Amino acid sequence: MTAPIAAQTVADRPATQAEAIRVEDLHKSFGSLEVLKGISLTARKGDVVAIIGGSGSGKSTCLRCINFLETPSSGRIVIDGEAVEMRADGTPANRRQIERIRSRLGMVFQAFNLWTHRTLLENIVEVPVHVLGVPRREARDRAMTLLDRVGLAEKADTYPAFLSGGQQQRAAIARALAIEPSAMLFDEPTSALDPELVGEVLTVIRDLAAEGRTMILVTHEMKFAREVSDHVIYLSEGRIEEEGPPDKVFGAPTSERLKQFLKSVS
Amino acid sequence: MQEVIELLSLSPPGWGGNLLRGLMHSLQIALGAFGFGLVIGLAGACGKLYGGPITRDLLAVYTTVVRAVPELVLILILYYVGSDLINKASEAMGYGRVQISGVAAGIWVLGIVQGAYATEILRGAIKAIPVGQIEAARAFGMPPLMMLRRVMIPAMMSFAIPGLANLWLIATKDTALLAVVGFNELTQETRQAASSTRAYFTFFLAAGALYLIVTLLSARFFARLEAWARKGQPSLRTVKV
Ligand SMILES: Nc1ncnc2c1ncn2[C@@H]1O[C@H](COP(=O)(O)OP(=O)(O)OP(=O)(O)O)[C@@H](O)[C@H]1O
Ligand SMILES: [Mg+2]
């Protein structure tokens, strides 16, 4: 009885599941320094892709090229099946398109980057109301639900500077969720936190992964990456040195560099 | 004493009404010029920071020249050049010479001077905004003008206000320079009153007191504005050194 069901389950999770993010042959140079030397990656809907690698390997740059916070030198980026129009020099050809795509990608920064002159609630309704045109009431209600979800309901009217790093980062995650993103981009969301605050933020991200959010997660938390991701990419000097399912990348690495790297961080 | 009160009385033959009218004119021009200067300054600061090389060069010439030439000289140049140009244009279009409003001329002339200083103040303030604030706005797809209005201006306020408060005080006092082009602001009215009555000391002291009151009230206003702009930032007093 079980065999047919198992077979059916496999058939039900086809590789043709819609792609949320596709990056093809991405190159990026700062002046004469080539930081990304041809990165390709795909995140299908519901995938959690973890990017790991040493300092300066290009993880942040790669993530920031996806929503054009950095201008790629060349390559192709497709979000939800929509290819970003680029000029020959890699600069985006259509500012409106970039803005539209950015408003579908919820970015969470290492340094939180909440707007300091706005309360948590105001931070969260800002983009839905002003960029996406959601009615204020609706945005507010949704924001309260999200704040509640990250455990900050009673801090709604507090300014970010009066909160701990962990609280600020949870609020920043709520801000990213408020746009109902088709994918979330995390750039080392716990690296700026005191060790005792890391757990509360990871808990929130773990829940998001469990509920099937599409995420690309740059992180130094190897245990966490192994636990939540579907696919791990190891970057080294701007190239993908090794990639695969977490158990394989962490459990049976083949590249010498990755072995060295894993030894150095454990 | 009786005599002083009569001289300063608000209704003729006292000259107090004239002084107050002069003060109103001065404030009108100062406000207009300050506002015009802020608009120029915001555009200028954005141009200097984000504009192309030609924009940046032109703005550099503007701020350098205005800040290098004495204000009195600039006012004379701008006033005569400005009214000359307007008249030429008007004649070319067949309207004949036009009477230029003193207030409009004053606002235009002082506004251009204020704009140069405001450009530098606001450029510094924009540069002081933590990059993360702007980066977050970009990452969530804010178009440039919305980002300026919703993120950059609020975030730079607390950096800009002390400089702008100074600039406002300079604007109130620079109106006195407009006396050279015969404009009826406070200083000019004071001079007239003084020379008609020979009571120089009384009237200039009175004018000085009026300028002082404006300054004191302005200082209170800007202190409040700064406190408001710093909302969300922990009070400096709580920072332990
Ligand atoms: N704006 C920039 N201008 C010039 N060089 C840059 C810029 N941003 C990044 N770099 C360089 O690009 C390289 C990759 O940087 P990146 O921030 O992507 O690394 P990373 O993998 O995120 O490192 P970390 O783990 O320290 O965050 C580094 O050598 C860095 O110095
Ligand atoms: Mg980084």
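As a reminder, the structure under discussion sits directly above these lines.
Residues numbered from 1 in each chain as written. Chains lettered and ligands numbered in written order. Predicted model: local features only at pLDDT ≥ 70, side-chain atom pairs only at ≥ 80, totals over all residues. Heavy atoms only, no water.

A.B. asks: If you had to explain the nonpolar core to someone new, which residues and values would you point to?
C.D. replies: Formed by 105 residues in total, the largest nonpolar core has its most connected members in Ile21(A), Ile173(A), Phe186(A) and Ile216(A). Looking at this core, the element that brings in the most residues is helix 7 (residues 144-174) of chain B, giving 15 residues. Two domains each put at least three residues into this core: domain 1 (2-104 + 182-265) and domain 2 (114-181) of chain A. Every residue in contact with Ile21(A), bar those within four places of it in the chain, is listed here: Leu41(A), Thr42(A), Ala43(A), Ile66(A), Val78(A), Ile79(A), Leu105(A), Ala183(A), Leu185(A) and Ile216(A). Counting residues in each nonpolar core, the second largest holds 12 residues, with Leu186(B), Ala207(B), Leu210(B) and Tyr211(B) among its members. (Core = buried A, V, L, I, M, F, W, Y, C linked by side-chain atoms within 4.5 Å. Buried < 20%, exposed > 50% of the residue type's maximum accessible area, 1.4 Å probe, protein only. Helix = DSSP H or I, 4+ residues; strand = E, 2+ residues; numbered from the N terminus. Domains from an automatic or database assignment. Contact = heavy atoms within 4.5 Å.)

A.B. asks: Describe in detail the site of ligand 1, supporting the description with residues and values.
C.D. replies: Residue and element names in this part refer to chain A. Taken together, the neighbourhood of ligand 1 is formed by Phe30, Val35, Gly54, Ser55, Gly56, Ser57, Gly58, Lys59, Ser60, Thr61, Glu188 and His220. At 2.9 Å, a backbone N or O of Gly56 approaches an oxygen atom of ligand 1. Residue Ser60 places a side-chain N or O atom 2.7 Å away from an oxygen atom belonging to ligand 1. Compared with its free state, where it exposes 630 Å², ligand 1 has 60% of that area covered by protein. With three residues, the top contributor of residues to the shell around ligand 1 is helix 2 (residues 59-66). Class assignment for the residues of the shell around ligand 1 results in two nonpolar, eight polar and two charged. (Near = heavy atom within 4 Å. Polar contact = N/O pair within 3.5 Å; in protein donor to acceptor, adjacent residues only side chain to side chain. Areas by Shrake-Rupley, 256 points an atom, 1.4 Å probe, with all protein chains shown as cover. Nonpolar A, V, L, I, M, F, W, Y, C, P; charged D, E, K, R; others polar.)

A.B. asks: Residue-level account of helix 3 (residues 53-68) of chain B, with values.
C.D. replies: Residue and element names in this part refer to chain B. If you check helix 3, its first and last C-alpha atoms are 22 Å apart, about what 16 residues at 1.5 Å a residue would give, namely 22 Å. Residues Leu59, Thr63 and Val66 constitute the buried set of helix 3. All buried residues of helix 3 fall inside an arc of 70° around its axis, so they share one side. Exposed residues lying more than 90 degrees from the buried face of helix 3 are Pro53, Ile54, Asp57, Leu58 and Ala68. The elements touched by buried residues of helix 3 are helix 2 (16-50), helix 4 (71-92) and helix 5 (102-128). (Expected span 1.5 Å × (residues − 1). Arc of directions from axis to C-beta.)

A.B. asks: Please give an account of the interface of chain A and chain B that cites residues and values.
C.D. replies: In this assembly, 28 residues from chain A lie in contact with 21 residues from chain B. Taken together, both faces of the contact between chain A and chain B bury some 2,200 Å²; the carbon and sulfur share is 59%. There are two salt bridges connecting chain A and chain B. With a closest N to O distance of 2.7 Å, Glu126(A) and Arg150(B) form a salt bridge. Applying the counting rule to chain A against chain B returns 10 residue pairs in polar contact (both at pLDDT 80 or more). For the side of chain A that touches chain B, the per-class residue count stands at 14 nonpolar, seven polar and seven charged. (Buried area = accessible area lost by both parts, 1.4 Å probe. Salt bridge = Lys/Arg side-chain N within 4 Å of Asp/Glu carboxyl O.)

A.B. asks: Run through the packing of aromatic side chains, naming residues and quoting values.
C.D. replies: Under the defined criterion, the tally for this structure stands at five aromatic pairs over all chains. If you follow Arg175(A) out to its NZ or CZ, it ends over the ring of Trp115(A), 4.5 Å from the centre. Over the face of the ring belonging to Trp228(B) we find Lys231(B), whose NZ or CZ atom lies 4.7 Å from the ring centre. (Phe/Tyr/Trp six-rings, centres within 6.5 Å; stacked < 30°, edge-to-face > 60°. Lys NZ or Arg CZ within 6 Å of the ring centre and 35° of its normal.)

A.B. asks: With reference to specific residues and values, describe the sheet that holds strand 1 (residues 19-30) of chain A.
C.D. replies: Residues and elements named next belong to chain A. Pairing in this open sheet of four strands is antiparallel, and the strands run 2-1-4-5 from one edge to the other. A single partner strand is all that each edge strand has here, and the edge strands are strand 2 (33-44) and strand 5 (82-83). Set on the sheet, helix 2 makes contact with strand 1, strand 2 and strand 4 (74-79); between it and strand 1 the angle comes to about 120°. (Pairing = 2+ DSSP bridges. Axes fitted to C-alpha atoms, helices over the stretch in contact; angles between N-to-C directions.)

Any functional reading would require information beyond the geometric quantities listed.
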